[in-house]
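The chain contents come next:
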Amino acid sequence: MSAGSYDEFGLLHENAAEAGLPFDPARPPTVARSAVRAPTGHTISALVWGEGPAELVLLHGGGQNAHTWDTVALALDRPLVAIDLPGHGHSDWRPDKRYRPQEMAEDVAFAVAQLAPGATTMAGMSLGGLTALAALAERGELAERLALIDITPGVNAQKAEPILSFLDGPEVFASFDEILERTMAFNPTRSRSSLRRGVLHNAREREDGTWVWRYDLPTGERLDDLEHRFADLWDAVSALGCPLLLVQGGLSSVVDDDDVAELQRRKPGTEVIVVEDAGHSVQGDRPLELARILAAFHHGYHEGPAGSI
């Protein structure tokens, strides 16, 4: 495996084939990488899908990047922007290593305003969902509706244990196969081919042949102290002025019944959909189902106060 052979848009045919979506090599989807420099001085990178004004904004989870949405974007087949959070993908790493949602919100809000000023739907998975909450708390005009993918401010270390265990792994890997095998061990619901793509997007080969992740990790605050890091975002839920959707992974432990009850107490009318056979990364496990849910939510359709598919 050579880093020089990596083409970040050269694997989309695999996404389409695995999901059973049409793909014409002669007319591949329109997608390009773009970047903006925020007033804070940080560069935020993103994938811009489609030729028209973006309708949706997608924010990935911690330790991921914008390519986690590739199959969902192919299925949605409409203009959208998938953003690399600060410290992830091709966005700048922060020297102070501060990546709390409340601290990333300003940069993300600026990127949304620049790259997707007319977007009406924002969807954020895990850390991206909390960042979207923080951004909308400060700038409610950024979106008309918000979808949280398997996350609430009630997440704690016990609920997120599998995620924290993965992030607490080695920083350097001797080979591509080594980094892929570790990824597979923590993602039993995913195919080897999909995880191979994910690692190619989320890691890079160094000159000495070793591999490292494309994401940075926070310091100065314990990763396992999630309740302290995120608890004040419940107030952002209470202040949210737009419709809210929670999409849960049926196999995930990150959101529990108490979290759902608190979400609906603070934001009455919140729609909740459980995607069966999906873990925390619903976009990776059940991308077509998530695309259908997001498309319906984007157009204002509702499946009732709670349900499962």
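Residues numbered from 1 in each chain as written. Predicted model: local features only at pLDDT ≥ 70, side-chain atom pairs only at ≥ 80, totals over all residues. Heavy atoms only, no water.

### As for the packing of helix H3 (residues 101-115) against helix H4 (residues 127-138)
Running from amino to carboxyl end, H3 crosses H4 at an angle of 70 degrees, the nearest separation of the two axes being 8 Å. Between H3 and H4, the crossing angle belongs to the class labelled roughly perpendicular. Contact residues: H3 offers Pro-101, Gln-102, Met-104, Ala-105, Val-108 and Ala-109, while H4 offers Leu-127, Leu-130, Thr-131, Ala-134 and Ala-135. In the contact of H3 with H4, the residues fall into nine nonpolar, two polar and no charged. (Axes fitted to C-alpha atoms, helices over the stretch in contact; angles between N-to-C directions. Helix = DSSP H or I, 4+ residues; strand = E, 2+ residues; numbered from the N terminus. Parallel < 35°, antiparallel > 145°, perpendicular 65-115°, else oblique. Contact = heavy atoms within 4.5 Å. Nonpolar A, V, L, I, M, F, W, Y, C, P; charged D, E, K, R; others polar.)

### Points about the environment of Ala-116
Along the chain, Ala-116 turns up in the loop between H3 and strand E5 (121-125). Residues Ala-116 and Val-57, spaced 59 residues apart in sequence, show a C-alpha to C-alpha distance of 7.2 Å. Those residues in contact with Ala-116, other than ones at most four positions away along the chain, are Ala-54, Val-57, Val-81 and Ala-111.

### Digging into H4
Under the 1.5 Å per step criterion, the end-to-end length of H4 is 17 Å for 12 residues, consistent within 8% with the ideal 16 Å. Turning to H4, its buried residues number three or more, namely Leu-127, Gly-128, Gly-129, Leu-130, Thr-131, Ala-132, Leu-133, Ala-134, Ala-135 and Leu-136. (Expected span 1.5 Å × (residues − 1). Buried < 20%, exposed > 50% of the residue type's maximum accessible area, 1.4 Å probe, protein only.)

### Quick notes on the pattern of salt bridges
Per the counting criterion, the structure on display carries 17 salt bridges. The residue Glu-8 makes a salt bridge to Arg-33 at a minimum N-O spacing of 2.9 Å. One end of the pair, Glu-8, is in the segment before helix H1 (12-19); the other, Arg-33, is in strand E1 (residues 31-37), and 25 residues separate them in sequence. Arg-98 serves as the salt-bridge partner of Glu-103, at 2.8 Å between the closest nitrogen and oxygen. You can call Arg-98 partly exposed: its relative accessible area is 34%. Among the charged side chains, a network of salt bridges with common partners joins Asp-235, Glu-262, Arg-265 and Arg-266. (Salt bridge = Lys/Arg side-chain N within 4 Å of Asp/Glu carboxyl O.)

### Focus: the packing of H1 against helix H7 (residues 192-202)
Contact pair H1 / H7: the axes reach a minimum separation of 11 Å and the direction vectors enclose 155 degrees. The orientation of H1 with respect to H7, classified from their angle, is roughly antiparallel. Between H1 and H7 lies a crossing of left-handed hand. Together, Glu-14, Asn-15 and Glu-18 of H1 and Ser-193, Ser-194, Arg-196 and Arg-197 of H7 make up the contact between the two elements. Within the contact of H1 with H7, the residues separate by chemical class into no nonpolar, three polar and four charged. (Left-handed = near helix turned anticlockwise from the far one by under 90°.)

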